Amino acid sequence: MTALHTLRETARRTVDPVYWDFVAGGAGEERVLADNERAFDRYALLPRVLRGAARRDIRVDLPGAPAAGPVLVAPTAFHRLMHPDGERATARAAAAEGAVLVTGTAATVPVGEVVAAAREIAAGAAVWFQLTLHPRREVTEALVRRAEDAGCTALVVTVDAPVFGRRPRDLRNGFTDLPPGYAAENMRDLPGAPPGGLTDIPMSPAISWQDFDALRAVTALPVLVKGVLYPADASLAVAHGAAGVVVSNHGGRQCDTVPAAVDCLPAIAEAVAGRVPVLLDGGVRRGGDVAVALALGAAAVGVGRPVLWGLAADGEAGVRRVLAELRDDYAHTLTLCGGARNADLTRDMVVRRSGTW
Ligand SMILES: Cc1cc2nc3c(=O)[nH]c(=O)nc-3n(C[C@H](O)[C@H](O)[C@H](O)COP(=O)(O)O)c2cc1C
Ligand SMILES: CC(C)CC(=O)C(=O)O
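Residues numbered from 1 in each chain as written. Chains lettered and ligands numbered in written order. Predicted model: local features only at pLDDT ≥ 70, side-chain atom pairs only at ≥ 80, totals over all residues. Heavy atoms only, no water.

### Let's talk about the packing of aromatic side chains
In this description, an aromatic ring pair is defined by two values, namely the gap between the centres and the angle between the planes.
So, point 1. This model, assessed by the stated rule, comprises four aromatic pairs.
So, point 2. When the centroid spacing of 5.5 Å and the interplanar angle of 85 degrees are considered together, the rings of tryptophan 209 and phenylalanine 212 count as edge-to-face. Placement of both tryptophan 209 and phenylalanine 212 in helix α8 (residues 209–217) is noted, with a separation of three residues, approximately one turn of the helix.
So, point 3. Assessed through its relative accessible area of 25%, tryptophan 209 is described here as partly exposed.
So, point 4. For phenylalanine 212, a relative accessible area of 2% translates into the label buried.
So, point 5. The positively charged end of arginine 8 is found above the aromatic ring belonging to tryptophan 309, 5.6 Å away from the centroid. (Phe/Tyr/Trp six-rings, centres within 6.5 Å; stacked < 30°, edge-to-face > 60°. Helix = DSSP H or I, 4+ residues; strand = E, 2+ residues; numbered from the N terminus. Buried < 20%, exposed > 50% of the residue type's maximum accessible area, 1.4 Å probe, protein only. Lys NZ or Arg CZ within 6 Å of the ring centre and 35° of its normal.)

### Overview of the packing of helix α1 (residues 3–14) against helix α12 (residues 305–336)
So, point 1. Packing of α1 against α12 brings their axes to within 10 Å, and their N-to-C directions diverge by 170 degrees. For the element pair α1 / α12, the angle class is roughly antiparallel. Between α1, through Ala3, Leu4, Leu7, Arg8, Thr10, Ala11 and Thr14, and α12, the contact on the second element is made entirely by Pro306, Trp309, Gly310, Ala312, Ala313, Gly318, Arg321, Val322, Glu325 and Leu326.
So, point 2. Looking at side-chain class alone, the contact of α1 with α12 contains 10 nonpolar, four polar and three charged residues. (Axes fitted to C-alpha atoms, helices over the stretch in contact; angles between N-to-C directions. Parallel < 35°, antiparallel > 145°, perpendicular 65-115°, else oblique. Contact = heavy atoms within 4.5 Å. Nonpolar A, V, L, I, M, F, W, Y, C, P; charged D, E, K, R; others polar.)

### Here's the deal with the site of ligand 2
So, point 1. The immediate surroundings of ligand 2 are formed by 10 residues, with Phe22, Arg167, Met203, His250 and Arg253 found nearest.
So, point 2. Between an oxygen atom of ligand 2 and a side-chain N or O atom of arginine 253, the distance comes to 2.8 Å.
So, point 3. Notes on ligand 2: free accessible area 280 Å², of which the protein chains cover 89%.
So, point 4. The residue makeup of the shell around ligand 2, split by class, is seven nonpolar, one polar and two charged. (Near = heavy atom within 4 Å. Polar contact = N/O pair within 3.5 Å; in protein donor to acceptor, adjacent residues only side chain to side chain. Areas by Shrake-Rupley, 256 points an atom, 1.4 Å probe, with all protein chains shown as cover.)

Function cannot be inferred from these measures alone, as they are strictly geometric.
Here it is in structure tokens:
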């Protein structure tokens, strides 16, 4: 069992089973959830040798995060369900490990406190804000102002949630709202918006690129688009001024009939053609997965559930262990593949693992 899997099992024993199901589960029959991880087993790396790769540097320049580590904390809702310190602990851990933290609309600690917690650990810590666009633009704008005032350095707009995914575990458990004392704090007291319960996260199928353009008009922050699987949508995102594209199927929590995230990466990297960074999340569980994603064209990867395992198992220290393990395992894999820099991992080094055709 890897270090991450040990933390997962500790978390499973620690967390209320209803909250565990919320985190661990996915939409429908959880086919996509399973496939995100399994897909990485279908790829193998062909190492290069004798490349004189002694001076390793795995940093990457991302929007609002120069010299970031290649593993980001993907935005996940309601960290206080995992640990009383919630997003505060996650922020401190991410800052300590040099990882970009994406906090967001559904955080249970207000964004100002999250950024302050990160900056207490490292003055230059980068925190991005995940935004779910509200059909009423003034609500979105008020949320953006909160993120800007807090000191977030980029926005990440989630585009794969026009409606909430149908998640059988949550339906069976009756997990339809947050327990008393917990709220999506950033949604509190917004003009005309409801008070910040689970169902108050604004999801609307009416949102379009026009809303995206309207968002860009009210902020100077770089805006990434998260949840793209269709290559032409990645091109559209670039055309609409996106600063980055995140290939993601929302960790298998939305549509249960889409491909594994990593399988969508090459076509999107091709469509974007280096104009903006392409990121990937979904199923990343080891350094080799990070290496495969980078070789297939990702500039960096996000991790969702493993961070929550670490948080539930051991708070800030647990999240640090997860991020350090993935970073160090990636760096080790890079060296084993003859690379010193992320760019040394190239697409021709990725092959199908035998027996998985
Ligand atoms: C419990 C949980 C909550 C999530 N909440 C959000 C969210 O609020 N906004 C969002 O864009 N993505 C959300 N995601 C999706 C993650 O950002 C990410 O796409 C996914 O977790 C990556 O897959 P992984 O968990 O296999 O690493 C959530 C995922 C989980 C597991
Ligand atoms: C509360 C939700 C908006 C969080 C989410 O995106 C998810 O559970 O996948």
